[in-house]
Amino acid sequence: MKLTALFILLLLLVACTDEAEEHPLRIGVLTPLSGNAAVFGTSFLAGANQAVEDINKDGLKVELIVEDNKNDGKEAVSAYQRLKLKNPDVIISTLGAATVPVTPLVKADGTPLIITYAATPSQLQYENSFYYFFNNEDNAEAFIPFLKEKNAKTVAIYHITSETGLLEAAVIEKRVSEAGFEVVAKEAFLPTETDHKTGLLKIAAAKPDVVYITAIRPDQVAPDAKKILNNSIIVFDEVFLIGHMYKSPAFDGVYATVLSATLDNDFEGGDPYSIFAYDAVKLAYDESQDGTEKLIPNIVALGRYSGRAGDIIIKSATRDIDVGMEVVIVQNGTLVRRK
Amino acid sequence: MIFIQLLINSLIIGSIYALVACGFSLIFSTNRFVHFAHGASVAASAYMAFLLSVRLGLPFIVAVPLTLIFAGLLGLAMYVWLYQPLQKRKSSNVILLIASVATLILFENLILLSFGADVKSFTQFGLPKTITFLDSTITTLQLFIIGVALVLLVLLYLFMKKTTLGRRMRAVADNKELAAIMGIDAKKVAIYSFIIGSVLAGVAGILVGLEQNLEPTMGTHLMIKGFTGAIIGGATSVPASILGSFILGIAENFGIWYLPSGYKDAIAFGLLFIFLLFRPQGLFGINKGTRK
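Computed from a predicted structure; not experimentally measured. (Residues numbered from 1 in each chain as written. Chains lettered and ligands numbered in written order. Predicted model: local features only at pLDDT ≥ 70, side-chain atom pairs only at ≥ 80, totals over all residues. Heavy atoms only, no water.)

**Notes on the overall build of chain A**
Then, number 1: Within chain A one finds twelve helices and 15 strands.
Then, number 2: A burial count over chain A gives 57% of its 339 residues as buried.
Then, number 3: Pairs at least 24 apart in sequence give 66% of the contacts found in chain A among residues at least 6 apart.
Then, number 4: Carbon and sulfur atoms make up 54% of the accessible area of chain A, which totals about 13800 Å². (Helix = DSSP H or I, 4+ residues; strand = E, 2+ residues; numbered from the N terminus. Buried < 20%, exposed > 50% of the residue type's maximum accessible area, 1.4 Å probe, protein only. Contact = heavy atoms within 4.5 Å. Areas by Shrake-Rupley, 256 points an atom, 1.4 Å probe, with all protein chains shown as cover.)

The following block contains the structure:
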């Protein structure tokens, strides 16, 4: 009996010691590492790992716990449940399709959540979730002056049917129409689509001056777009920067909205996704120094954050951010500023 | 002129579906189980061609036959190491189907681990030239894809009709038991069907890689469409599967001219559903259950 009591006491002691022991900040990362959006996840993870390496130069201060959400809602919930078992202090989640079903669960658990890329308004209603990325308004801010500059009258939108693509197309359509341009065609395609010939043919039939394209795999759209839309100006959104897709000759001569900081950034191998991942990890680490529960209020109170992605204004009321974007042209695999 | 352009678009994608479908159908007709891992042969071959020609710098003309040998061996390995042991244990077709889907997913992930998720392309060729006629356009590469597909499909047809092995394959496809009584070694026929079918998948993988770049999940998507084409035409007949694939290409491309492009898969799966429900033997297949 005494022996059993001693054993239980020892167990309790060990448990208490573990609890009291300081551990590095555990950042849970939910990102697609397989499936059709894996290119986003691997790029994101590269940036996050770079940040961890930089922070841990003087000892272990932060560690990543990574789970593959496959950019799929069901998989994301399961990935979140696996992640939760590992007790993350903060969670960073990427891509809307996989983040939407996870956000309420994270809310219920009360873990701070930083969403990079494609946050929908529904995700921003929770006190513990924070969006850190550029948004569709930023894209529109860069796109509309470009249309004026090119004396365009008509615009067509070719977009992916994911939650992200639908949201982006809706914002671009609204903003372009408000600015006095006519949206003559709007065509959606599935995320798994690899053959865009007929969809683009429908766009070409409307004879738009400019075609705005948003795709999860722009490399699969670009060759057909250049061939079929040869009478229109083609503008991709910034997605084609992932994994340096724009270096393919298929993108030569097309325009794209890009984060201005990308053009100036010397981050090795960096594209917006790895840059934002880097910043998100740094931000989570910096602002959780006085406790992870203070993370979100601390970020909101910051007002602005100067990271690798540039000097980003954080609007505390909407938890939205404002970043500098511009339209560039691709020439021989490089992004060329127009001014 | 839109009609011609839509027809060209249908022919391009139909050729790719047909290459996947005829290999699948060849294997299905002689083995009578659904070999979904056929999609793995498509993707693995595309990446092998990329490895040999881009990473190792071999001339494309050398990389292609090596890739096709690899595809054939891969098909053989799948049969010998996966399906044959399961068949020896008298596993049902459902078990074989599950094993094939698992293999497809396994290969998808192996490719992801080995090559990464970023976009791969055969950069050495640059962009193909565009040919315009009757206000319609097609690239030299797309023309090449259609040409290769048609030549291979004719060769396959002749092989099935004129060679001893082809006739044996047709005999096994028609009636396995009767073929065995006639002294045909069904196991040998199955092995050859896996090798030839996988080589055809290899050709499809290379052509798709040239046209649409490479991604680890490329085999799954193509396999689903190839399977749909085979069901529409008649999965037990290679020529019927080929025709079914072209019909699928036409239905998709003409369908989304009138419907939003996002309905493309809905058109394909709608057709699949209708055929499975009302004409499971396909448009050109024979319903053996009603044959006298």
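Text resumes after the structure shown.
**Digging into the overall build of chain B**
Then, number 1: Summing up its helical and strand segments, chain B has eleven helices and two strands in all.
Then, number 2: Along the chain direction, N to C, the helices and strands of chain B fall in the order α-α-α-α-β-β-α-α-α-α-α-α-α.
Then, number 3: Over its C-alpha trace chain B gives a radius of gyration of 19 Å, about what one expects of a compact globule, namely 19 Å for 292 residues.
Then, number 4: With the principal axes as the frame, chain B shows a C-alpha extent of 55 × 45 × 35 Å.
Then, number 5: In chain B, the proportion of contacts linking residues at least 24 apart, taken out of those at least 6 apart, comes to 74%.
Then, number 6: Working note: accessible area of chain B is about 12900 Å², and carbon and sulfur atoms make up 71% of it.
Then, number 7: Here chain B carries 21 positive and 10 negative side-chain charges, and the mean point of each set is 14 Å from the other. (Rg over C-alpha atoms; globule rule 2.2 N^0.38 Å. Lys, Arg positive; Asp, Glu negative; His and termini not counted. Charge placed at Lys NZ, Arg CZ, Asp CG, Glu CD.)

**Re the interface of chain A and chain B**
Often the size quoted for an interface is simply the accessible area lost on bringing the parts together.
Then, number 1: Counting residues at the interface gives 30 residues for chain A and 34 residues for chain B.
Then, number 2: Taken together, both faces of the contact between chain A and chain B bury some 2600 Å²; the carbon and sulfur share is 56%.
Then, number 3: On the chain A side of the interface with chain B, the three residues burying the most area are Lys197(A), Thr198(A) and Lys227(A), jointly 21% of the side's total.
Then, number 4: Between chain A and chain B we count four salt bridges in total.
Then, number 5: The interface formed by chain A and chain B includes twelve residue pairs in polar contact (both at pLDDT 80 or more). (Buried area = accessible area lost by both parts, 1.4 Å probe. Salt bridge = Lys/Arg side-chain N within 4 Å of Asp/Glu carboxyl O. Polar contact = N/O pair within 3.5 Å; in protein donor to acceptor, adjacent residues only side chain to side chain.)

**Quick notes on the packing of aromatic side chains**
Residue and element names in this part refer to chain B.
Then, number 1: Under the counting rule described, the total for this entry stands at 16 aromatic pairs over all chains.
Then, number 2: Taking 6.0 Å as the distance between ring centres and 15° as the angle between the ring planes, the aromatic pair formed by Phe24 and Phe28 counts as stacked. In this pair, Phe24 and Phe28 both sit in helix 1 (residues 2–31), four residues apart, roughly one turn of the helix. For the pair shown, Phe24 and Phe28 are each scored as buried.
Then, number 3: Both rings, one in Tyr47 and one in Phe115, keep their centres 4.8 Å apart while their planes meet at 50°; by these two values the pair is tilted. (Phe/Tyr/Trp six-rings, centres within 6.5 Å; stacked < 30°, edge-to-face > 60°.)

**Examining a positive patch on the surface**
Residues and elements named next belong to chain B.
Then, number 1: On the surface, a cluster of positive charge is made up of Lys161, Lys162, Arg167 and Arg170.
Then, number 2: At the level of secondary structure, the elements contributing two or more residues to the positive patch comprise helix 5 (140–162) and helix 6 (164–174).
Then, number 3: One can find Arg170 in helix 6.
Then, number 4: We classify Arg170 as partly exposed; its relative accessible area is 34%. (Patch = residues over 30% accessible without salt bridge, like charges linked within 9 Å, V, L, I, M, F, W, Y side chains within 5 Å.)

**A word on the packing of helix 1 of chain B against helix 9 (residues 218–233) of chain B**
Residues and elements named next belong to chain B.
Then, number 1: Taken N-terminus to C-terminus, the directions of helix 1 and helix 9 make an angle of 75°; their axes are 8 Å apart at the nearest point. Considering the angle they form, helix 1 stands roughly perpendicular to helix 9. Every residue of helix 9 that contacts helix 1 at Ile16, Tyr17, Val20, Ala21 and Phe24 is listed here: Leu222, Met223, Lys225, Gly226, Phe227 and Ala230.
Then, number 2: Grouping the amino acids of the contact of helix 1 with helix 9 by side-chain chemistry returns nine nonpolar, one polar and one charged. (Axes fitted to C-alpha atoms, helices over the stretch in contact; angles between N-to-C directions. Parallel < 35°, antiparallel > 145°, perpendicular 65-115°, else oblique. Nonpolar A, V, L, I, M, F, W, Y, C, P; charged D, E, K, R; others polar.)

**Some remarks on the packing of helix 5 of chain B against helix 10 (residues 238–258) of chain B**
All names here are of chain B.
Then, number 1: Their axes nearest at 10 Å, the elements helix 5 and helix 10 cross at an angle of 160°. By the angle between their directions, the pair helix 5 and helix 10 is classed as roughly antiparallel. Between helix 5 and helix 10 lies a crossing of left-handed hand. Residues Leu150, Leu153, Leu156, Tyr157 and Met160 of helix 5 form the contact with helix 10, whose participating residues are Val238, Pro239, Ile242 and Phe246. (Left-handed = near helix turned anticlockwise from the far one by under 90°.)

**Overview of the pairing of strand 3 (residues 90–94) of chain A**
The two faces of the sheet receive side chains in turn, since in a regular strand these alternate between them.
Residues and elements named next belong to chain A.
Then, number 1: When you tally the buried positions in strand 3, you get five out of five residues, the bulk of the element.
Then, number 2: Across four bridges, the pairing between strand 1 (residues 25–31) and strand 3 is parallel. Each residue of the ladder has a partner; that of Gly28, found in strand 3, is Ile91.
Then, number 3: Pairing geometry for strand 3 and strand 4 (residues 113–116), over four bridges, is parallel. Considered in strand 4, the bridge of Thr94 is made with Thr116. (Pairing = 2+ DSSP bridges.)

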